[in-house]
Structure formats: structure tokens, C-alpha cells
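# Per-entry structural report
Read off the chains here:
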Amino acid sequence: QVQLVESGGGLVQPGGSLRLSCAASGFTFSSYVMRWYRQAPGKERELVAAITSAGGSTNYGDSMKGRFTISRDNVKNTVYLQMNSLKPEDTAVYYCNAAVGPYNYWGQGTQVTVSS
């Protein structure tokens with residue numbers, strides 16, 4: 001079955017960096033677009049970043065452009081999110097997402113807290 005397991009979240013000071021990872025299994029990872037979303041308390045889930053199957057194209061939410069970088073390793077079946085210049089408003093649970101056929105799969109999420 002499809003599994004997405006995020007890791008790498010934690011507490012970081014404003015201006016700091018974190019690298020999130022999402023290990024995927026149960027599907028042909030290299031064939032699918034992968035996405036990161038986030039959800040802050042009381043807010044809707046929003047798209048953070050997406051990357052095409054071969055990694056040749058990426059796109060980002062407006063508030064993440066220039067600070068976040070999505071990448072993938074199709075040998076390790078892992079997608080990454082490098083987050084730099086973090087701000088308190090980046091505090092959220094970050095989720096990995098894969099749309100495989102008619103189904104939308106989500107990981108369990110990893111908490112990112114940006115605070116001094």
C-alpha cells in the first residue's frame with residue numbers, strides 16, 4: 001500500500017533552516033508529481049511546493065518563493081523540502097502528498113515551529 005512518511009520537523013528560531021524529508025513506498029515514485037502542503041492552526045491546508053516526476057520543474061506558493069526548495073531522489077524514493085529564512089508564520093504541520101490514480105495520499109505530517 002502507499003505510504004508517505006515525513007521527518008525532519010522541529011523547533012527553529014526565526015531566520016533558521018530545516019530540511020524535511022518524505023520517504024515514499026507502495027507506488028512507482030518516479031512516475032508521479034510530489035507535493036508538500038502545510039496547515040497552520042485554524043487555517044486551511046495550503047500548497048507549499050510541487051515537483052514533477054523527473055524533477056525538471058517545480059512550483060511554489062507565493063510566500064515560499066525564494067526561501068524554500070523542493071527536490072527529489074528517485075533512487076531513494078524520497079522528496080525533500082529545504083526551508084531557509086524561516087519565519088514565525090511558517091509554523092504549521094507539513095504534509096507530503098502524492099496523487100496516484102484517483103487517490104490522494106497523505107503522510108502523517110511533521111510539525112515545524114518557528115519561534116524564538
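Here the structure is shown first, and the text comes after it.
Treat the numbers as computed from the prediction; the structure is a model and nothing was measured.

## Looking at the overall build of the protein
In terms of regular secondary structure, the protein is built from 0 helices and 11 strands. Secondary structure of the protein in N-to-C order comes out as β-β-β-β-β-β-β-β-β-β-β. For 116 residues, the compact-globule formula gives about 13 Å, and the C-alpha radius of gyration of the protein, at 13 Å, lands near that figure. Considered along the principal axes of its C-alpha atoms, the protein spans approximately 40 × 25 × 20 Å.

## Section: the side chain of Asp90
Here Asp90 shows up in the loop between strand 8 (78-83) and strand 9 (92-100). Among the polar contacts listed, one links the side chain of Asp90 to the side chain of Arg67, at a separation of 2.7 Å.

## Topic: the nonpolar core
Ranked by size, the top nonpolar core spans 30 residues in total, and within it Trp36, Leu81 and Tyr94 carry the most contacts. Taken together, the elements giving at least two residues each to this core come down to strand 3 (18-25), strand 4 (34-39), strand 5 (46-51), strand 7 (68-73), strand 8, strand 9 and strand 11 (110-114). The element that contributes the greatest number of residues to this core is strand 9, accounting for 5 residues. In this structure, Tyr94 is in contact with Glu6, Leu20, Trp36, Tyr37, Arg38, Val48, Phe68, Leu81, Met83, Gly109, Thr110 and Val112, ignoring residues within four places of it in sequence.

## Examining unusual backbone geometry
Positive phi is not limited to glycine here, since Asn77 has a value of about 55 degrees. Within the fold, Asn77 resides in the loop between strand 7 and strand 8.

## Some details on the sheet that holds strand 3
Strand order in this open sheet of 4 strands is 1-3-8-7, and the pairing throughout is antiparallel. Bordering the open sheet on either side are strand 1 (3-7) and strand 7, each of which pairs with just one other strand. Across the sheet, the axes of successive neighbouring strands diverge by a mean angle of 15 degrees, strand direction being ignored.

Rules behind the numbers
Residues numbered from 1 in each chain as written. Predicted model: local features only at pLDDT ≥ 70, side-chain atom pairs only at ≥ 80, totals over all residues. Heavy atoms only, no water. Helix = DSSP H or I, 4+ residues; strand = E, 2+ residues; numbered from the N terminus. Rg over C-alpha atoms; globule rule 2.2 N^0.38 Å. Polar contact = N/O pair within 3.5 Å; in protein donor to acceptor, adjacent residues only side chain to side chain. Core = buried A, V, L, I, M, F, W, Y, C linked by side-chain atoms within 4.5 Å. Buried < 20%, exposed > 50% of the residue type's maximum accessible area, 1.4 Å probe, protein only. Contact = heavy atoms within 4.5 Å. Pairing = 2+ DSSP bridges. Axes fitted to C-alpha atoms, helices over the stretch in contact; angles between N-to-C directions.

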